Amino acid sequence: MPALVKTAVKTAEPAGVPRPCPAALLPLALVLGGSDLAAGPAVAMPPLTDAPERPFYFVVDLGDLADGSATSVPHAISEDNAVVGAAVDMTGATHAFYWKGGQMRDLGVLRLMGEPIYSQAEDINEAGQIVGTTYTDAGPAVALWDKSGISLLPALEPDADPGQAHSINARGDITGYVGRPDRKESVALWQGGRLVEIGLPGPQFDTAHGMVINDAGQIAGQAALHDEVRAFRYEAGVWTLLPGFSGGGYASLVNDMNRLGEIVGKGIGDSGTDRGFFWDGAVLHDIGDLPGGKDMSHAFGLNDRGEVVGYSAAGDGNAAVLWTRADRRLVDLNDCIDPDSGWHLVLAKDINDNGWITGYGIAPNGATHGFVLIPE
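Residues numbered from 1 in each chain as written. Predicted model: local features only at pLDDT ≥ 70, side-chain atom pairs only at ≥ 80, totals over all residues. Heavy atoms only, no water.

> Even after reading the chapter, I still don't get the overall build of the protein, so can you show me in this structure?
Across its full length, the protein carries zero helices and 28 strands. Buried residues in the protein amount to 53% of all 376 residues. Considering only intrachain contacts with a sequence separation of at least 6, the fraction spanning at least 24 residues in the protein is 48%. (Helix = DSSP H or I, 4+ residues; strand = E, 2+ residues; numbered from the N terminus. Buried < 20%, exposed > 50% of the residue type's maximum accessible area, 1.4 Å probe, protein only. Contact = heavy atoms within 4.5 Å.)

> I'm lost on the sheet that holds strand β26 (residues 344–351) in this one. Help?
In a beta sheet, neighbouring strands pair by backbone hydrogen bonds and run either parallel or antiparallel. Taken in spatial order, the four strands make up an open sheet running β1-β28-β27-β26, and their pairing is antiparallel. Both edges of this open sheet fall to β1 (57–63) and β26, since each of them pairs with a single strand only. Taken over all neighbouring pairs, the strand axes of this sheet differ in orientation by 30 degrees on average, direction set aside. In terms of strand pairing, β26 meets strand β27 (residues 357–362) through six bridges, oriented antiparallel. Residue histidine 344 lies in a different strand from β27, and its bridge partner there is isoleucine 362. (Pairing = 2+ DSSP bridges. Axes fitted to C-alpha atoms, helices over the stretch in contact; angles between N-to-C directions.)

> Any chance you could explain the sheet that holds strand β9 (residues 149–152) here in plain terms?
Reading across the sheet, the four strands line up as β6-β7-β8-β9 and stay open at both edges, with antiparallel pairing between neighbours. In this open sheet, the two edge strands, each paired with only one partner strand, are β6 (119–124) and β9. Sheet twist, expressed as the average angle between the axes of neighbouring strands with direction ignored, equals 30 degrees.

> Honestly, the environment of proline 74 in this entry has me stumped. Any pointers?
Counting through the fold element by element, proline 74 comes out in strand β2 (residues 72–77). Separated by 46 residues in the primary sequence, proline 74 and glutamine 120 place their C-alpha atoms 9.7 Å from one another. If sequence neighbours within four positions are ignored, proline 74 has contacts with Leu62, Val83, Val84, Gly85, Phe97, Lys349, Thr358, Gly359, Tyr360 and Gly370.

Geometric descriptors of this kind do not, in isolation, establish any biological role.
Rendered as structure tokens:
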């Protein structure tokens with residue numbers, strides 16, 4: 001499973017003034033809709049009260065595929081509030097999952113002749129198509145789940161690295177990377193089941209990975225040049241390397257991009273430390289970090305309103321955070337939930353346009369579980 005880390009920046013508030021948690025308001029009737037892919041009872045949500053001080057988010061435990069004490073890690077949330085990721089099942093295997101309306105479903109693996117035990121879902125679109133990785137007899141393969149089941153996407157060459165799929169847009173276009181015969185890894189685009197090799201930003205680069213594709217067909221990712229990694233955006237044959245921070249340093253890893261072409265990820269700041277960034281198409285913004293811990297943050301998810309989620313190092317360990325284009329303030333999401341919930345939110349992975357946030361943390365029973373934060 002991925003390593004658990006987090007980072008964030010806090011702003012001191014005057015005594016008696018609640019910390020700002022800019023959550024949008026949604027009717028509670030929208031909180032947990034039914035799932036078309038899984039069966040089971042929906043999670044009962046606590047009622048709203050008239051207490052003067054209320055948490056801004058309800059925390060919903062995604063659970064796992066085992067007995068509740070295993071691990072689950074979400075990777076993406078769709079606009080209709082479905083979550084995908086990877087979770088441990090009763091046998092100890094890690095499988096891709098689909099969660100919606102309080103119900104988690106095991107997406108399984110593609111078994112050929114043997115008994116592969118691993119799969120992972122990376123992204124989901126509005127049509128319910130899911131992309132990720134499954135292991136087969138021949139090793140890892142790029143997988144697509146839809147209502148007809150699971151299928152494999154083609155590799156560049158039969159004996160080459162099949163690569164990985166990281167993102168799918170509303171049209172069903174998929175990006176990731178594939179291995180080349182010369183062992184270089186290059187940006188890939190799957191359209192209608194066909195593979196198109198996008199390539200590298202230039203001959204000087206050794207590898208390039210497409211990490212996200214938006215509905216406009218723009219691809220963002222990162223390319224490696226010796227020991228340096230640079231973030232890029234690609235559109236219609238044009239490669240754009242993201243600029244540096246105003247005080248020095250540069251964008252390196254890309255995690256998400258919205259319909260406007262804005263990008264979030266992790267950069268190397270002017271002090272040489274890892275810093276989360278938001279790129280508005282012209283300026284690279286440092287999202288900062290929370291006080292008291294290691295100087296480090298990372299931005300993972302972004303919606304069309306310019307709301308960014310990720311993690312930051314803090315005094316008591318890593319914390320899930322929220323940063324917005326509007327006020328450029330980094331907020332510890334642990335300050336935005338009921339303090340008696342028993343949760344510690346470690347990392348926020350994605351946010352949709354409804355303001356729903358998914359990530360993982362330490363649940364009240366001590367397990368590492370995925371969560372969904374639902375605005376009041």
